[in-house]
Amino acid sequence: MATSVKHPLDVNASVKKVRSHISQNEQLLFEISSPGKIGYQLPQLDVPAVDPAAVLGAANARTEIESFPEVSEVDVIRHFTRLSTWNYAIDLGMYPLGSCTMKYNPRVNEAAARVDGLAWAHPYQPDHLSQGAMEVMAELEKCLAEITGMDAVTLQPAAGAHGEHTGILLVRAYLEAQGNPRKKILVPDSAHGTNPATAHMAGYSVENVASNDRGMVDTETLLRVVNEDVAAMMVTNPNTLGVFEEHIADVAKILHDKGCLLYMDGANMNALTGISRPGDFGVDVMHLNLHKTFSTPHGGGGPGSGPVAVKKILEPFLPLPRLKREGDQWAWEYNRPDSVGRVRAFYGNFGVLVRALAYIMAHGGPGLRRATYDALLNANYIRKRMEPYYEIAYKDPSMHECVFSDARQKKLGVDTGSIAKRLIDYGFHPYTVSFPLIVHGALMIEPTETESKREMDLFVDAMIAIAKEIEEDPETVKHAPYSTRTSRVDEVTAARKPIVRWKTT
Amino acid sequence: MATSVKHPLDVNASVKKVRSHISQNEQLLFEISSPGKIGYQLPQLDVPAVDPAAVLGAANARTEIESFPEVSEVDVIRHFTRLSTWNYAIDLGMYPLGSCTMKYNPRVNEAAARVDGLAWAHPYQPDHLSQGAMEVMAELEKCLAEITGMDAVTLQPAAGAHGEHTGILLVRAYLEAQGNPRKKILVPDSAHGTNPATAHMAGYSVENVASNDRGMVDTETLLRVVNEDVAAMMVTNPNTLGVFEEHIADVAKILHDKGCLLYMDGANMNALTGISRPGDFGVDVMHLNLHKTFSTPHGGGGPGSGPVAVKKILEPFLPLPRLKREGDQWAWEYNRPDSVGRVRAFYGNFGVLVRALAYIMAHGGPGLRRATYDALLNANYIRKRMEPYYEIAYKDPSMHECVFSDARQKKLGVDTGSIAKRLIDYGFHPYTVSFPLIVHGALMIEPTETESKREMDLFVDAMIAIAKEIEEDPETVKHAPYSTRTSRVDEVTAARKPIVRWKTT
Amino acid sequence: MLDTIGISSVEDLTSHLPDEVLLHRPLNIADGKSEYEILDYFGARGAENSLGSTPARPSFLGAGVYRHYRPVLVDTIVSRSEFLTSYTPYQAEIAQGTLTAIFEFQTMVCQLTGMDVANASMYDASTAVPEAAMMAMRVTGRSHVLAARGVHPEYREVLHTYAKYSGMPVDEFGFSGETGLIDVKDLESKITKDTAAVILQSPNFFGVIENVKQAAEIAHANGALLVVVFSEAVSLGIVEPPRDADIVAGELQSFAIPPSYGGPFAGVIACKEKFIRQIPGRLVGETKDDKGNRAFCLTLATREQHIRREKATSNICTNQALIALMATVYMSVYGKQGLRELAVQNLSKAQYLAGKLNRRFTGATFNEFVVSTGKKSAAQVNSELEAKGIVGGLDLERFYPELKNTMLLCCTEMSKRDHMDQVAQVFA
Amino acid sequence: MLDTIGISSVEDLTSHLPDEVLLHRPLNIADGKSEYEILDYFGARGAENSLGSTPARPSFLGAGVYRHYRPVLVDTIVSRSEFLTSYTPYQAEIAQGTLTAIFEFQTMVCQLTGMDVANASMYDASTAVPEAAMMAMRVTGRSHVLAARGVHPEYREVLHTYAKYSGMPVDEFGFSGETGLIDVKDLESKITKDTAAVILQSPNFFGVIENVKQAAEIAHANGALLVVVFSEAVSLGIVEPPRDADIVAGELQSFAIPPSYGGPFAGVIACKEKFIRQIPGRLVGETKDDKGNRAFCLTLATREQHIRREKATSNICTNQALIALMATVYMSVYGKQGLRELAVQNLSKAQYLAGKLNRRFTGATFNEFVVSTGKKSAAQVNSELEAKGIVGGLDLERFYPELKNTMLLCCTEMSKRDHMDQVAQVFA
Ligand SMILES: Cc1ncc(COP(=O)(O)O)c(C=O)c1O
Ligand SMILES: Cc1ncc(COP(=O)(O)O)c(C=O)c1O
C-alpha cells in the first residue's frame, strides 16, 4: 500500500497550496506512561500533612487512580505539540465551513480574557468586588441589543443550542402566562438539527414546514399550518441556503395574528450585523452565536456563548439573575417572580463574553457594518467563480454563504463527501458537507470577511481542478485524501463496535 | 523528479518516528503584499497631528519606505504560523546537537520573564524603583558563583563569545596592571571557533596547541610552548570530545608557574554543575552559556547570555557598573577605576537572566546535580548502544556528549554530512556535524538530561538503520533528505552569488 | 472582485432586501479601538475586581468554583493555533490532534470516575445534571427525579428549569443537620416506582463526602438509577470514586480552568457501558484509516441532533472542547502521583484551618467545610476579613435559610498558612 | 540503562575524575521550587519595580530604550515552539521557517535603512558600533575612529572598551551647544588620512536629527567610511534614512521588544553591497533545493568564526534571532503605512509636550528632546513627577557635565495627554 500512495503532486500539478513534509508520530499518553515518572512539582506544604485514610475514613479513601498516566513535563509538551501538528486550523488557512462562520480570531481577545482581574474573578465574590466583570457584561448586553434591535439580552446560555432552549422556554413561559403554553413549534425543513431537538427538549412537538421552490418559508404553507396550537416558528435568517427570507416581515405578521411568536436562529447574523436588525423585522426572540459572528475561537468544538435577545414582552421571563444598576454600582437582581429560572450556574461563559466585547470594540459600529459587507462580497465572489463548474442549489442572491449541489459530479459517481476529502489534498479544510438537507449533496461554503482574494482564488482554483479531475479520473477523487498522515478514516467500523476509551491490553 | 520522490516509508520500514503530511506553502511577505492593506490600528491621537515635513524640514522628512510590506493581520499570523511549521524544534523531538546542549526549555521561565514589572522595567529607572530587577541579578550572580566555585560574576555579556571576549579583556587588563599584557593566547586544536576569534579581537595572536592522542591537552606540549609571552590558555572542560581534561589541575599549575592565566570555556558546564567546580581546579576566569546549561531557549539562534565568573584577582577589572549593597538597597556602582569598561550597554540580557534564575530555582542545588548525572547517563547510554555500528573517536569515558567518526561509513562513500541529512528522514534533528575538527568526519552527539529512554532508543535505532542502509544502498543515503518539503539545499550556489535580500523584479 | 460579481458597489449585494428590513442609520456603537486601548479598558475592568482576583490575593471561596494553580503548560498548549482555531473535528483526516486528545480526555475521565464511558464534554456541571436526569428517564422509562439538597443549589435551579417544561417532576430530599450527609430516611420515604433517578453530589455542597454505595443500593432496590454529581474534581485524587453510580455528572473547572467569573468551564457526563447509546453529547471512538493506521473519529452520531433532530438525546452541538483540553493537559501534567499529592495538600490545608474553627457538620470533608460563625453573622466575618484584604467564605443562609450564621470555606494548595491564621483570628 | 552501560550507579560515571576536582558537598542552593512559588517570587520582584514598569504606568524615559505598544501577535508568534525552541538554522531542510523569516528581516532592515545588505542581527546597538568600526578598519586598512559625542554615551563606552585592546585609537568630536547637531568644524579638524570611520547617530542622543549627507561628504572626502547609528528605529517611519552612510549600526528594541531592564534587544549591521564580505554575523541567502524549489540557507560562512577562526570578521556566534523575529513580526504588522502613521503619532506627541517646555537645542527632533529644567535641578523635577506617579526624563548631567539642569524626555504613542500636561505643570 505504502508505495502506491498517491501524492497530489504526482496526481496533478494544480496543487499550489501544499507540499508534503515530515510529521512526528506520537502514541497515546497511556502508552508512553512509565511508573514513577512525574511532570509536576508542588509547593512545600506549609501545614502538617495529614493521612487521607485517617481523615476521610478507610471506605472513602482512594488507593490509586488505576492506569492514570505517568509522564514527564517534556513528554507532555511534546505529546500535545505533536498532536497539534495533525490539525488544520484557521491560522493555517481558509476554513470555509458553511453555517460555522470560521473567521479569524483576533489574538488581542485572548489577551483580554487572560487579564488576571477577570480570569481570577470568583462568581461568588461580593458584587462590590466584581464591578469590573459586571460592567463588561452590561456593556456587551447593550451592544448586542443595539445590533439585534431587541429590547433585552441574557448572556447566560453557553452556546447556540443552549440559547435556543432558553428562547423557547421564554416563549413557553410567556404563553403560559397568557393561559396556554400551546403544543407545537414550526420548523422549516431547511433548519439546523438543533432547532427541532430544542423544541423537543422544551416539551413541544415539532412540525416540519416544507420550504418553497426557492428554499424559503412559504407564506401559503405557513397560513395553512399555523393555528392556536402553534407556540412559535423557528426561522433562520438568512436561512441555511445563505438566502435572506424576503417575506420575513409577513411571516412575523402571520404568526403574530395567530398569537404565535417568531424565534430567529441568529447563527447567520454575520450576514446582517450593521445592515439589518431582526428586532426591526418582527422577530420576538433570537439567539446569537458569539463563537461565530463575534469571532470567539471554536477551540476544536467549543466553548461558545449563545446570548438570547428578546422584545419587551418576554423580558420578565428572562433567566435570573439579571444585572441592574443601583446608584453607581452594578448589582445582581434575583427577585424576578416570572423568570423561567436559571439555565446555567453563575452568569454564563464570561471568558467568551470578554472576547466578544473586545471584538466589538475593535471594529466599532462602522467596522462591524464593513465586515458584514466584506463577508457578503467574499461569498458572492466565490459563488460567481464556482457557478460554471458546480450546480448552485437555489438561484436567489446569496448573502454570507453559498450552497451548491453535487448534481453534476454525482453523474460521474463522485459525491460532495469525496469532493470534500479531495479538497484536503489541495490544502484546504472542506466546506460543510450535506447540509442543509433540502439540498441533495450540498456543498455549503462560507468564506467569512477575513479571507483574502488570494486565498479564495486558491480555493476556487482547487474546486475547479477537482471538477476537472472528476471528469478525467473520478476514482482518484473517490479515495482521497492521499497526502495526509491519516488517510480516509473508517467511521462505519467506529460506530459498529465503539471503542471510546483506552484500556490496558 | 516529483514522481521519483522517495519517502522513507518506501525506502525501508524502520522509520518509526514520522509519517508524511500536508504542509502549507507560503510566499514571502513582499509577494503577498498588496497596496493599501493594513494589519494594525493605532489609538485615537489625543494631541494635534503635526505635518512631518513642517516639523522635520523637507530634507529630513521621508516620503515612503520603498516596497515595505502591506498585509493584513490575518496575513501576518498565517504567514508566520505556516513558516513555523517548516521548522524542527525541541518541543517536537530530540535535538542532539553536540556542544549546543539543546535541553527542554521550561515554559514557566517564559512566564517569569513576561511579568510586567520586569518586562517593562526601564534600565534608566532610578535604582530605588528597580530593586526587584537588581535583586534578581544579585541572586543569579550568587548562584553562578556557587556553581562555578569562582569569586565574582558579571552578567553583562550577551552570549558565550561575548563572555570569552570579556574574559580575555580581563586577562589583558590584569596582566597590563602587572606591567605586561603579553602577546599570545594558547588554544587547543580541539577548541570551538569562537576561542581563537576572541583572542584575535582582544589583540592577541593565537597559538594552536595540538591535543595528545587521547584528544586532551598534552602537558608535555604545553610545557614546551608556555612562556612569558603567553597571556592565557583557553581550555574547554569537558573538552569538545565530551571528555574531562584529566590533568586540568596540572595545566593550571603549569600556566600559573609562568604567570599565565587559565581561561575556561564553560559551554560544557552541563557536565559539571553540582559535581565539579572550575574554581576548585585552577580556573581563573570562565564564561557560562545560560542558553545551554541553564535552559534559556535558543530561539533559532539567540538570544543568549554569557556571564563571566572570575577569581578575586580579576574582580577589580570586571565591566562596570557592578551591583553593590547600600544599606537595605541595591545600587549600581560606577566608580571602578580598574574596570575594563563596559562590554555592552545597560546590564546584560536581563530577560534571559530571569529565565536562568527561574531554572535554577526550579531545580535547586540537589536537582542541578541530579540533572547533570542524568545528562551523563544519557550520553553514555547512547555511546554504548552506538559503538557497535559507529567508530568512537577517542576511547576515554564520555561525560555529557559522545563523539563518533564516520570512518566506517566513509569507506562505503557516505560521510557524516549525509548521515545527518538521512537522519532527518528518520524524524530527528541531526547531531553536530564535523566538529570538533580534530576528529575526521565527526558525529557529535549530546542528548542532554531531558531526553527519555524512549526517545533515545528511537534515535539509536535510526542511527543503526542508517548504518545498515549504508551497507545495502549508500546512494539513497547520499541524497537524503527525501521526506521534507524542502529537499537537499544547494549551499554552494547560495555562497557563489549571494542573494541576501528580496528585490522587486 | 466587484467586476467578477458584476456589481458596482458592495451595497448592491443588499439591494434585493426589502427596504423595511434595512437599517438606515449607523449602529450606535463607538468607532473601532486599537489593541492598546482595548487592553487598557479590560485591564482597568480587571483592576476594579480588586480583592481575590489574582492568584496572589487570598480568597476562601469555593462552592463549585475552585482556585487551583494553573500549570504554565496548559495555556502554552491551548494557545497553539492548531487547537485554538480549529472547528469540531468532523473531518477526521485533518483533525487527528483534537480527536486523539478527546479520546484521552474520555479515558482519563473514566479512570477518575470509575465509569466505562465519558463524553467529550458538556457546557458545565449545572447543565450536565438535567441532561443526566433526562438520560435516566430514557433508560428507565420513568419520569420522576429525586435530587438531594446537598447538590449545588444552582445545579438544582437549572435542573428545575429544564424539568419544569419537559414533564419531569423533580422532588428534593434533605440532609442530616448533624452529619451533613443525605437524610437516608427522607430519601427512602420519597423514592417511588416512578423514580427515574436519585441525584446526589459528593463531596456535596457542604464539602461532605456522601455514602454513594448506600444510596446506590436504595436507588437500585427501587429500580431507579443513581446519578452522582461532583464539582471539585481534585477530590478524585484521594476520594473513592462513585463506582456504584450509573451516571456521573461532573465539573472539571478545578483542572486548570480559571474561575473567570463563572465560565467557561467544562462539564462531563460519564456512565456505565450499557447506557452508551443514551449518553448526550459528542463521543470520539477508535478506528483505522484505509492504510490500517490507528485513527480516531466522532462516533455514534445517531444520538445527536444533526442526524436525529427532534429524536436526539440532547440538542447540544458546540460543547467546551478547548476547556476540556485544558483539563486533559492538567491531568497529564499531574498524572497518577501528582493528582494524589495535590489532593493530599488540599486536604491538609483544609484540615489545618478547619481544626482552628467551629465545624457545623460531622461528616468527613475534602477541601471545603461548613463552619458556624458563632455570635457574629457570616456577613460580619467576611467584612472583617475583607478589611484584611482577604475574601472570606460563602454565607450559606443565601441558599439554606436554616443554616444561619454559617459559612462555607474552601482551602486549596494555593491557600497560605499565614492567611489561614488570619482567618482563624477573625473567627476567634 | 545502567545495565546497558555496565555500571551500577550513575556516580560510576564520574569515578574516573581525579578526586581533587570533585565537589564533596551539596551546592549551597535551596531545594527546588514549584512553578507557583517561582511565579510568586518573580511577581513580587516585578511589583518592587513599582513605577513605570507596566504599560499603563507613565514614564518619559527613552535614551536608547523606548516604550512602544507591543502588538499581541508578536508574543503569539515568538511563543510558537517551532521558533522558540529551535537552534541556529544550520540544517536548512528542517529550518526553512527560521531562514525565511531572517531573509525577510534582512530585507526589511535594508528597506528601512536604505542599505543593500543587512545581517541576521548583532547583540545590540552598543556592540554593533565597535563591530562596525572594526569592519571599517578592514575595509579601509586604516585604524583611527572618530565618534560623535551625540552617539549614545554607553555605545561609546563599549566602543572604547573594544578599541582599547585592539589597536584602534578612538577620538570623539563634539556637538553644537546651540543646535545639538555635530560640530562640523571639530569633525573637520580631527579627521585625518588615518581615519577609518566617522561615527555619528541620528536621531542622536539628544533626539536631534543629524545632517547625514554633509557628514558623508566630509568622511568620503577624507577616504573614511561613514557609520551611522540609530537607537530609535520607529524614527525611520518618517525620517529620511541614512542613504549616504557606508555602514549602519542600529538597535531594533523599539520594534515590539520590551524594555526588560535593558535586554535582550536586537542590534543590526547593514551596509553597502560592496562591503558584504566584511560584514560580521550571520547572513541568510536565497538558493534552491535539488528539486528546484526556492530555499534559503546560511551563507558566506567563510566570514565566520566556525570556519575562519582567528581570521573571522567577528567572534559572534549566538546572536539575537528570536528578538529579531519579534522585530520582523512588528514590521509586518505595521507595514508601510502603519510605521509611518506610528512615527507621526510619536512626533505629534513629542511636539505637544516640547511645545509646553523650554527646549535646550534648536535642531529638529523626532520623539525625544532635551529641555532645560530652569531653576530646578533635573533631579528635583523628577522627584516631583515621581510624587505624581510619573517617571520623568533622564538627567543629562550624568553623561554630559556641561548640560547641567537639562533633561532628555521621550514621548511615544503610549504617552497620554493628561500625563504630558502633568509634566508640563511640574516644569511650570
Ligand atoms: C444554523 C445553526 N443553528 C444553530 C447552531 C447551534 O449552535 P451551537 O453549536 O453554538 O450550539 C448552529 C451551529 O452549528 C447553526 O449552524
Ligand atoms: C564550546 C563552545 N564555545 C563557545 C561557544 C559560543 O557561545 P555563543 O554561541 O553563546 O557565543 C559555543 C556555542 O556554540 C560552544 O559550543
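Everything here concerns the structure above.
We now turn to the structure provided with this report. Residue numbers restart at each chain and count upward from 1, following the sequence in its written direction. Note on labels: chains are lettered from A, ligands numbered from 1, in written order. In view of the model being predicted, local features appear only for residues whose pLDDT reaches at least 70, and side-chain atom pairs are presented and counted only at 80 or more, with totals across whole chains, interfaces and linings using the full set of residues. Hydrogens and water molecules were not included; the side-chain quantities draw on all heavy atoms of the structure.

This paragraph deals with the site of ligand 1. In the vicinity of ligand 1 there are 15 residues, among which Ser99, Asp265, His291 and Lys292 of chain A together with Thr318 of chain C approach most closely. Any residue with a heavy atom positioned within 4 Å of a molecule or strand is treated as near that molecule or strand. More than a single chain frames ligand 1: its nearby residues are located in chains A and C. Serine 99 of chain A is positioned such that a nitrogen or oxygen atom in its side chain is 2.6 Å from an oxygen atom of ligand 1. The way it works is that DSSP assigns letters per residue, a run of H or I at least four long becomes a helix, a run of E at least two long becomes a strand, and they are numbered from the N terminus. Looking at which element gives the most residues to the shell around ligand 1, the answer is helix α8 (residues 160-178) of chain A, with three residues. Three categories are distinguished: nonpolar for Ala, Val, Leu, Ile, Met, Phe, Trp, Tyr, Cys and Pro, charged for Asp, Glu, Lys and Arg, and polar for the others, with Gly belonging to the last. Of the residues that constitute the shell around ligand 1, the class distribution is five nonpolar, seven polar and three charged. Polar contacts, as counted here, are pairs of nitrogen or oxygen atoms within 3.5 Å of one another; within protein the pair requires one atom able to donate a hydrogen and one able to accept it, and residues that are adjacent in sequence qualify only if both atoms are side-chain atoms.

Residue and element names in this part refer to chain C. When DSSP finds at least two bridges between two strands, those strands are taken to pair. The sheet built from three strands is open, its strands ordered β10-β12-β11 with antiparallel pairing. Two strands bound the open sheet, and with one partner strand each, they are β10 (368-372) and β11 (394-395). Bridge count between β11 and strand β12 (residues 406-410): two bridges; the pairing is antiparallel. Across the sheet, aspartate 395 pairs through a bridge with methionine 407, a residue of β12.

Space inside and on the surface of the protein is sampled on a 1 Å grid over the protein atoms alone, with a cavity defined as a set of points where a 1.4 Å probe fits but cannot get out and a pocket as an open set with protein on both sides within 12 Å along at least 5 of 7 lines; lining residues have an atom within 4 Å of a point. Grid points are joined across faces, edges and corners, and a volume is the space filled by probe spheres set on the points. Looking at the second largest pocket, its volume works out to about 1,600 Å³. Around the second largest pocket, the lining comprises 49 residues; the ones closest to its centre are His363 and Arg370 of chain A together with Ile38, Tyr40 and Gln41 of chain B. At the level of secondary structure, the elements contributing two or more residues to the lining of the second largest pocket comprise α12 (350-386) of chain A, α4 (73-84) of chain B, α2 (35-48) of chain C together with α11 (321-354) of chain D. Looking at which element gives the most residues to the lining of the second largest pocket, the answer is α12 of chain A, with 10 residues. In the lining of the second largest pocket, the residues fall into 22 nonpolar, 14 polar and 13 charged.

We define a salt bridge as a contact between a side-chain nitrogen of Lys or Arg and a carboxyl oxygen of Asp or Glu at a distance within 4 Å. Overall, the coordinates contain 111 salt bridges over all chains when judged by the stated rule. Where glutamate 240 of chain C meets arginine 243 of chain C, a salt bridge forms, and the shortest distance between an N and an O atom there is 2.6 Å. Salt-bridge contacts for lysine 356 of chain D lead to aspartate 421 of chain D; the nearest nitrogen and oxygen are separated by 3.9 Å. Taken together, the positions of lysine 356 of chain D in the loop between α11 and β10 (368-372) and aspartate 421 of chain D in helix α13 (residues 417-427) put the pair 65 residues apart, joining distant regions of the chain. For lysine 356 of chain D, a relative accessible area of 42% gives the class partly exposed. Overlapping salt bridges, with partners in common, bring together Lys16, Arg385, Lys453, Asp457 and Asp461 of chain A in one network. Under the scheme applied here, a residue whose accessible area is under 20% of the maximum for its type counts as buried, over 50% as exposed, and between as partly exposed, the area being computed with a 1.4 Å probe on protein chains only.

On to empty space enclosed by the protein, then. Computed from the structure, the largest cavity encloses a volume of approximately 410 Å³. For the largest cavity, the lining is made up of 25 residues, of which Ile22 and Thr85 of chain A together with His21, Ile22 and Thr85 of chain B are closest to its centre. Going through the elements one at a time, β1 (18-24) of chain A together with β1 (18-24) of chain B are the ones with two or more residues in the lining of the largest cavity. For the lining of the largest cavity, a count of residues per class yields 12 nonpolar, 11 polar and two charged.

The next subject is the pairing of strand β9 (residues 322-326) of chain A. Residues and elements named next belong to chain A. Here β9 runs beside strand β10 (residues 329-333); their pairing, made up of five bridges, is antiparallel. Residue arginine 322 lies in a different strand from β10, and its bridge partner there is glutamate 333. A loop of two residues connects β9 with β10, the two strands running antiparallel in sequence, and glycine 327 in this loop sits at a positive phi of about 65°.

What follows deals with the side chain of aspartate 289 of chain C. Checked against the element boundaries, aspartate 289 of chain C lands in the loop between β8 (284-288) and β9 (294-298). Arginine 19 of chain B provides the closest opposite charge to the buried, unpaired aspartate 289 of chain C, separated from it by 4.7 Å. At a separation of 2.8 Å, a polar atom in the side chain of aspartate 289 of chain C contacts the main-chain amide nitrogen of lysine 291 of chain C. This count recognises Lys and Arg as positive and Asp and Glu as negative, with His and chain-terminal groups excluded.

Turning to unusual backbone geometry, a few remarks are in order. The step from alanine 480 of chain A to proline 481 of chain A runs through a cis peptide bond, and the omega angle for that step is 0°. For proline 481 of chain A, the location among the structural elements is in the loop between α16 (474-478) and α17 (491-496). In this structure, the amide linkage connecting glycine 263 of chain C to the following residue, proline 264 of chain C, adopts the cis form with an omega of 0°. Relative to the helices and strands, proline 264 of chain C resides in the loop between β6 (247-251) and β7 (267-271). A positive phi angle is found at serine 99 of chain B, which is not glycine, with a value near 75°. Mapped onto the secondary structure, serine 99 of chain B falls in the loop between α4 and α5 (107-113). We note that threonine 448 of chain B has phi near 70°; this positive angle belongs to a residue other than glycine.

Note on sheets: strands pair through backbone hydrogen bonds, and any given pair is parallel or antiparallel. Residue and element names in this part refer to chain C. Spatially, the seven strands line up as an open sheet ordered β1-β7-β6-β5-β4-β2-β3, and their pairing is mixed. Because the sheet does not close on itself, it has two edges, and the strands there are β1 (117-118) and β3 (170-173). Here β6 runs beside β7; their pairing, made up of five bridges, is antiparallel. Bridged to valine 248 within β7 is alanine 270.

All we've got here are geometric facts, nothing functional implied.
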